[in-house]
Amino acid sequence: MKIALITSFPPSRHALNEYGFHVAEQLRQERAVDLTVLGDYLPTPADELPGFKVTRCWGFGKPGNLATLLRALRRVKPEVAWFNLGFASFGARPLSAVLGLVTPAAARLNGVYSHVTLHQLFETVDLEDAAVTSPRLYRAGGWLATHLLLSANSLSVLMPAYRRTLDEKYRRGRVNVRSHGIFAGKPDPPDFTRRGNPTHRILAFGKWGTYKRLELLIEAFDRVATKLPNVKLVIGGSDHPRTPGYVSSMAHRHANDRIRFLGYVPEESIANLFREASLAVMPYTSSAGSSGVAHLAAQYGVPVIASGIQDFRDLAEHEGIAMRFFTPGDVDSLVEQLLFALNSPDVLKEMAWRSYAAGVAMSMPLVVREYIRSFRQHERIKILQSAAGLRRAGQFRRSDELARTVGEKIQLWQDEDQIASPSV
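Residues numbered from 1 in each chain as written. Predicted model: local features only at pLDDT ≥ 70, side-chain atom pairs only at ≥ 80, totals over all residues. Heavy atoms only, no water.

Draft legend 1. Broad picture of the pattern of salt bridges. Considering all chains together, one arrives at 12 salt bridges under this definition. Put simply, arginine 28 and glutamate 25 hold a salt bridge, and the shortest N to O gap is 2.9 Å. Within this pair, arginine 28 and its partner glutamate 25 are both found in helix 1 (residues 17-29), separated by three residues, close to a single helical turn. A salt bridge links aspartate 188 to arginine 275, with the nearest nitrogen and oxygen atoms 3.5 Å apart. Of this pair, aspartate 188 sits in the loop between strand 7 (175-177) and strand 8 (200-205) while arginine 275 sits in helix 9 (residues 267-275), and the two are 87 residues apart along the sequence. Taken together, the shared-partner salt bridges in this structure form one network comprising Asp40, Glu48 and Arg56. (Salt bridge = Lys/Arg side-chain N within 4 Å of Asp/Glu carboxyl O. Helix = DSSP H or I, 4+ residues; strand = E, 2+ residues; numbered from the N terminus.)

As structure tokens, this is what we get:
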């Protein structure tokens, strides 16, 4: 099966590049898949990651993304165009964003099966938190963009509540719920000798400055640190594009021996960062979709303390990730949860094993193979419908010719399934 994956892709640092990389890494290991990545332009020339076929053919904020992507799809001629998207993947301004989001529907009109993995709904975004400057225009653009994305052949969301919203509000499109997945095939179990031995590390990780802010966490940590001498706060990640300079300003005011600011963390350093963390904290004021940080915590068996917003509660229930919740915006509630967890080693271990088990159940090979099965199912239905149409049109003079042709296709599909289903 020939698949074109449309995604921001490393060494780009645009949103969802990490997720795009891990999906592509798994796809290229599937022997029955021929993968081409249609990635975003790089700000400066850089070597592509080895082992991938990458065509750079679109860019953040570029008005011509629709045309350049369609040209690339015509050259590649994939059977499936798989789009890894958020609403702002193609641009921060409504016009550039919406023009890019036309592409899945346009690909379908050009005869390519188009599938969208949509990481958030605009209905769940707190526009003030997201620093949106034109809320009314954003809402109108979000409504239009959602209709455009639902015009693809199929669309996947990452939480059941998102499908309910689409079904109830838009009443169209073929929508599935998929797991976000962890970024590993066989994650290593948590090593508790690296945690709290003797120092507990509290980890905060993300792109900071909009709905992900650090003021509440730092205030809570300062209070916790007066009661627990063996605790440190480690803050990884850089600024959100809308809030340049936020992390450096916070580091200038608060960095000390017990509060470390790491800035951007390269992919190869993320594993040790999580393996050594006793806790991960998500002090967000709102949500923009299924959390990648929560899934990294599951991959490495790290307990999570999160703001008690509905998306996080749904995520914990849907995927089994172990979380404890504090009242959003309430520093006393966060301090209470931090002290309880850090003073309860048995609770920390139980949460770690529960999250690890959840991660194993949604490894990236399992997630990607579920997508591939759905793509194959569509392909097979299309071929059978085509054969039946030819029979009605008289292309098959006898039913045994049709049966022989269909039988050959079924044998080919069985051979493909055998190739594509190695043990995880």
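Draft legend 2. Geometry of the side chain of glutamine 299. Summarising the element assignment, glutamine 299 is placed in helix 10 (residues 292-299). Among all residues touching glutamine 299, those that are not within four sequence positions of it are Ile182, Phe183, Ala184, Pro187, Asp188 and Tyr356. (Contact = heavy atoms within 4.5 Å.)

Draft legend 3. Structural view of the environment of valine 265. Tracing the sequence through the fold places valine 265 in the loop between strand 10 (259-263) and helix 9. Valine 265 sits 60 residues away from phenylalanine 205 along the chain, and the two C-alpha atoms are 9.2 Å apart. Filtering out sequence-adjacent residues up to four positions away, valine 265 remains in contact with Phe205, Gly236, Gly237, Ile270 and Leu273.

Draft legend 4. Structural context of the packing of helix 7 (residues 215-225) against helix 12 (residues 331-342). The N-to-C vectors of helix 7 and helix 12 enclose an angle of 50 degrees; their axes lie 9 Å apart at closest approach. The angle between helix 7 and helix 12 places the two elements in the oblique class. By crossing handedness, the relation of helix 7 to helix 12 is classed as right-handed. Of the residues in helix 12, those in contact with Leu216, Leu217, Glu219, Ala220, Arg223 and Val224 of helix 7 are Val331, Asp332, Leu334, Val335, Leu338, Leu339 and Leu342. In the contact of helix 7 with helix 12, the residues fall into 10 nonpolar, no polar and three charged. (Axes fitted to C-alpha atoms, helices over the stretch in contact; angles between N-to-C directions. Parallel < 35°, antiparallel > 145°, perpendicular 65-115°, else oblique. Left-handed = near helix turned anticlockwise from the far one by under 90°. Nonpolar A, V, L, I, M, F, W, Y, C, P; charged D, E, K, R; others polar.)

Draft legend 5. Representation of the sheet that holds strand 12 (residues 304-307). In space, the six strands of this open sheet follow the order 10-9-8-11-12-13, with parallel pairing throughout. Each end of this open sheet is capped by a strand with a single partner; those strands are strand 10 and strand 13 (323-326). Between one strand and the next, the sheet's axes are offset by a mean angle of 25 degrees, whatever the strand orientation. Relative to strand 9 (residues 231-236), strand 8 runs parallel, the two sharing six bridges. Within the sheet, the bridge partner assigned to histidine 200 lies in strand 9 and is valine 231. Sheet contacts for helix 12: strand 8, strand 9, strand 11 (279-282), strand 12 and strand 13; angle to strand 13, the most-contacted strand, approximately 150 degrees. (Pairing = 2+ DSSP bridges.)

Draft legend 6. Seen up close, the sheet that holds strand 6 (residues 154-157). Strand order in this open sheet of seven strands is 3-2-1-4-5-6-7, and the pairing throughout is parallel. Two strands bound the open sheet, and with one partner strand each, they are strand 3 (54-58) and strand 7. Put simply, the sheet's adjacent strands are angled 25 degrees from each other on average, direction ignored. When strand 6 meets strand 7, the two strands line up parallel, connected through three bridges. Bridging across to strand 7, valine 157 finds its partner in valine 177. On top of the sheet, helix 1 reaches strand 1 (2-6), strand 2 (34-40) and strand 4 (80-85); it is set at about 170 degrees to strand 1, its chief contact. Contacting strand 6 and strand 7, helix 6 (residues 160-169) crosses the sheet at an angle of about 165 degrees to strand 7.

Draft legend 7. Just the packing of aromatic side chains, in detail. Summed over all chains, the structure comprises 15 aromatic pairs. Their ring planes at 65 degrees and their centres at 6.1 Å tell us that tyrosine 113 and phenylalanine 375 sit as a pair that is edge-to-face. Of the two residues, tyrosine 113 is situated in strand 5 (residues 113-118) and phenylalanine 375 in helix 14 (residues 364-392); the sequence distance between them amounts to 262 residues. We note that tyrosine 113, like phenylalanine 375, is buried. Arranged with centres 6.3 Å apart and planes meeting at 40 degrees, the rings of tyrosine 371 and phenylalanine 375 form a pair that is tilted. Placement of the pair is tyrosine 371 and phenylalanine 375 together in helix 14, with a separation of four residues, close to one helical turn. Here tyrosine 371 falls in the buried class, since its relative accessible area comes to 1%. Three or more aromatic residues joined by ring pairs make a cluster, and in this case those are Trp82, Tyr113, Tyr371 and Phe375. The lysine or arginine in question, arginine 28, covers the ring of phenylalanine 52, its NZ or CZ lying 4.5 Å from the ring centre. One residue, arginine 178, lies across the ring of tyrosine 371, its end atom 5.1 Å from the ring centre. (Phe/Tyr/Trp six-rings, centres within 6.5 Å; stacked < 30°, edge-to-face > 60°. Buried < 20%, exposed > 50% of the residue type's maximum accessible area, 1.4 Å probe, protein only. Lys NZ or Arg CZ within 6 Å of the ring centre and 35° of its normal.)

Draft legend 8. Region of interest: helix 9. Of the positions making up helix 9, those classed as buried are Ile270, Ala271, Leu273 and Phe274. One face of helix 9 carries all of its buried residues, which in axial projection span an arc of 170 degrees. On its buried face, helix 9 is in contact with strand 8, strand 9, strand 10 and helix 10. (Arc of directions from axis to C-beta.)

So yeah, pure geometry; function would need other evidence.
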